[in-house]
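# Tertiary structure, described
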Amino acid sequence: NSGKGGFAPIALASQGRCGGWGVADFDGDGRLDLLMANLGLSALYLAQPPAVDAPGGLTWTDVGAAWGLQAKEGLHTRPLVHDFDHDGRPDVLLMTTQPAGGVAAWKGCGPAPTLEAQADLLLHNEGDHFSRWPLAAGADGPASALRAQAALDLDGDGDLDVVQVRGDGLVRVLRNDMPSAGGVVTFRVAGPTGNRFAVGARVTGFVGGEPFAGQVLGNAGFGGAGVWRVRVATPEGLPLTNVQVHWPAPLHLSRDLGSVPANAGVVNVAPY
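A brief look at the structure comes next. Predicted model, so just to flag it, every value in this text is computed and none were measured.

## Quick look at the nonpolar core
Ranked by size, the top nonpolar core spans 19 residues in total, and within it Phe187, Val189, Val203, Leu240 and Trp247 carry the most contacts. Elements that contribute at least two residues to this core include exactly β13 (182-189), β14 (202-207), β17 (230-235), β18 (240-246) and β20 (266-269). Sequence-distant contacts of Leu240, that is, excluding residues within four places in its chain, are made with Val185, Phe187, Phe206, Val207, Phe212, Val232, Ala233, Thr234, Gly258, Ser259 and Val260. Ranked by size, the runner-up nonpolar core spans 14 residues in total, among them Phe26, Leu44, Leu46 and Leu123.

Written out as structure tokens, the structure reads:
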């Protein structure tokens, strides 16, 4: 968004079968990055510091291969990005599939080939790469195609569970029993008329001296759904400091919240 009533094109490479996007600060530098689920090799575009001669420009570096995002199964799709274990690093839950005839059968823009068995994959963020974590017994095996998934705290224990809708009409619930590294503070940001949920607003600050950034998202990738909140993990009970909330156009407003304790729970923030 150029801010002048239009959009400036930014070219991001793709294999031609994008399976959805995820937005989060994957490398913990305080800048929001982009994950693109894809065919063969999913992309992870890390946002880079603005160039000296173009302070307002965006620069991205694709580190998908270095982070282990090769889609060995053929295709990654419908990524759901959240910090599932509250260690301060966003993880990724996505669907994998292998088209009949192999990856080459799905390159280009022709008709989609027949899909073989589907399986789900949890990618745990280790800070500089993803490791593959197993799901519950039976939950990571072949299943019908995943149509949509959403994350929400179903059992009220503070972490995010997952609800999935599969292609055969099955609704599957995955309860999150991962060991938690800490708590979480949830920012519920209000917006003006026309954007009551403040979609596009950002929450920034520090946890234990490390920067964080989160954004209110209206969805969570292809076939996904957002939580309409910004959740910030508090590993080891560390407080949040220098917290700021930034609203997008038409407000272009920022509020300084200062320090927020780790046990704050839900923090409601209004622009005025």
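## Focus on the sheet that holds β17
The strand order β17-β13-β20 describes an open sheet built from 3 strands, whose pairing is mixed. Looking at strand neighbours, the two that pair on one side only are β17 and β20, the edges of this open sheet. Neighbour to neighbour, the strand axes of the sheet diverge by 25° on average, direction disregarded. Examined bridge by bridge, β13 and β17 share 6 bridges and lie antiparallel to one another. Looking across to β17, one finds that Gly183 is bridged to Thr234.

## A short note on the pattern of salt bridges
As enumerated under the stated definition, the model contains 5 salt bridges in all. For the salt bridge of Asp120 with Arg166, the shortest nitrogen-to-oxygen distance reads 2.9 Å. Highlighted residues: Asp120 in strand β8 (residues 115-125) and Arg166 in strand β11 (residues 161-166), separated in sequence by 46 residues. Assigned by exposure class, Asp120 and Arg166 land together as buried. A salt bridge links Arg172 to Asp120, with the nearest nitrogen and oxygen atoms 2.5 Å apart. With Arg172 in strand β12 (residues 171-174) and Asp120 in strand β8, the pair connects residues that are 52 residues apart, well separated along the chain.

## Considerations on the sheet that holds β14
Pairing is antiparallel in the open sheet, where 4 strands are placed in the order β15-β14-β18-β19. Edge positions in the sheet fall to β15 (210-215) and β19 (254-260), since each of these pairs with one other strand and no more. Each neighbouring strand pair of the sheet contributes to a mean axis angle of 15°, computed without reference to strand direction. Here β18 runs beside β19; their pairing, made up of 5 bridges, is antiparallel. What sits directly across from His246, in β19, is Ser254.

## Regarding a nonpolar patch on the surface
The grouping of Leu152, Leu154, Val165, Val171 and Val173 at the surface amounts to a nonpolar patch, some 400 Å² of accessible area in total. If you trace the backbone, Leu152 turns up in strand β10 (residues 146-152). A relative accessible area of 34% places Leu152 in the partly exposed class.

## Observations regarding the environment of Asp83
By the secondary structure assignment, Asp83 is in the loop between β6 (70-82) and β7 (91-99). Sequence-wise, Asp83 and Arg231 are 148 residues apart; in three dimensions their C-alpha atoms are separated by 8.4 Å. When sequence neighbours within four positions are dropped, the list of residues in contact with Asp83 reads Gly88, Arg89, Pro90, Asp91 and Ala233. At 2.9 Å, the side chain of Asp83 forms a polar contact with the backbone nitrogen of His86. Polar contacts involving the side chain of Asp83 include one to the main-chain amide nitrogen of Arg89, which spans 3.4 Å.

## Some details on the packing of aromatic side chains
Scanning the entire structure with this criterion turns up 3 aromatic pairs. Judged by centre distance (4.6 Å) and plane angle (50°), the ring pair of Phe197 and Trp228 falls under tilted. With a gap of 31 residues between them, Phe197 in the loop between β13 and β14 and Trp228 in the loop between β16 (224-225) and β17 connect regions that are remote in the sequence. Accessibility expressed as a relative area gives 32% for Trp228, which makes it partly exposed. Here the aromatic residues Phe26, Trp67 and Phe130 are joined through ring pairs into a cluster of three or more.

## Structural notes on unusual backbone geometry
With an omega dihedral of 10°, the bond running from Ala249 to Pro250 counts as a cis peptide bond. Position of Pro250 among the secondary structure elements: in the loop between β18 and β19. One non-glycine residue, Asn242, lies in the positive phi region at around 50°. Considering the arrangement of structural elements, one finds Asn242 in strand β18. Exposure remark for Asn242: the relative accessible area of 52% places this residue in the exposed category.

Definitions and limits used
Residues numbered from 1 in each chain as written. Predicted model: local features only at pLDDT ≥ 70, side-chain atom pairs only at ≥ 80, totals over all residues. Heavy atoms only, no water. Core = buried A, V, L, I, M, F, W, Y, C linked by side-chain atoms within 4.5 Å. Buried < 20%, exposed > 50% of the residue type's maximum accessible area, 1.4 Å probe, protein only. Helix = DSSP H or I, 4+ residues; strand = E, 2+ residues; numbered from the N terminus. Contact = heavy atoms within 4.5 Å. Pairing = 2+ DSSP bridges. Axes fitted to C-alpha atoms, helices over the stretch in contact; angles between N-to-C directions. Salt bridge = Lys/Arg side-chain N within 4 Å of Asp/Glu carboxyl O. Patch = residues over 30% accessible without salt bridge, like charges linked within 9 Å, V, L, I, M, F, W, Y side chains within 5 Å. Areas by Shrake-Rupley, 256 points an atom, 1.4 Å probe, with all protein chains shown as cover. Polar contact = N/O pair within 3.5 Å; in protein donor to acceptor, adjacent residues only side chain to side chain. Phe/Tyr/Trp six-rings, centres within 6.5 Å; stacked < 30°, edge-to-face > 60°.

These figures capture arrangement, not role.
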